[in-house]
Amino acid sequence: MDSPWYLALCRPNQGHIAFRQLEQRGFDVFMPRHKATRHWRGRVIEEMRPVFGGYLFLGTDPAHPR
């Protein structure tokens, strides 16, 4: 049986930290990203940014809470 997915709200600009910590604790974590271009100090930078900033998806089995 597939576990249900929940939406988790993260602190601003801290989604990557929450992702890593939840993944280390054995949760199924999903944070979709897209390639974004921004200008910084006269340069063009391409980086991977979250599609839903401040949110990540968390899969867990309610019968076996962690």
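What comes next concerns the included structure. For every chain, the first residue of the written sequence is number 1, and numbering continues from 1 onward in sequence order. Confidence filtering applies because this is a predicted model: local features only for residues at pLDDT of at least 70, side-chain atom pairs given and counted only at 80 or more, and all residues used for totals across whole chains, interfaces and linings. Water and hydrogen atoms were dropped before computing side-chain values, which therefore reflect all heavy atoms in the structure.

**A look at the sheet that holds strand E5 (residues 55-59)**
Link 1 in the chain: Strand pairing is assigned whenever DSSP identifies at least 2 bridges connecting the two strands. Here a helix means four or more residues in a row that DSSP labels H or I, a strand means two or more in a row labelled E, and each is numbered from the N terminus. Pairing in this open sheet of three strands is antiparallel, and the strands run E1-E5-E2 from one edge to the other. Each of the sheet's edge strands pairs with one partner strand only, and the pair in question is strand E1 (5-9) and strand E2 (28-30). Shown here is a sheet whose adjacent strand axes are inclined to one another by a mean of 30°, direction ignored.
Link 2 in the chain: Alignment of E1 against E5, held across five bridges, turns out to be antiparallel. Across the sheet, Leu7 pairs through a bridge with Phe57, a residue of E5.
Link 3 in the chain: In what follows, residue pairs with any heavy atoms lying within 4.5 Å of each other are defined as contacts. Fitted lines through C-alpha atoms serve as axes, helices being fitted only where they are in contact, and the angles separating the N-to-C directions of these axes extend from 0 to 180 degrees. Here helix H1 (residues 15-24) sits on the sheet and contacts E2 and E5; the angle it forms with E5, its principal contact strand, is near 10°.

Just geometry here; none of it tells us what the structure is for.
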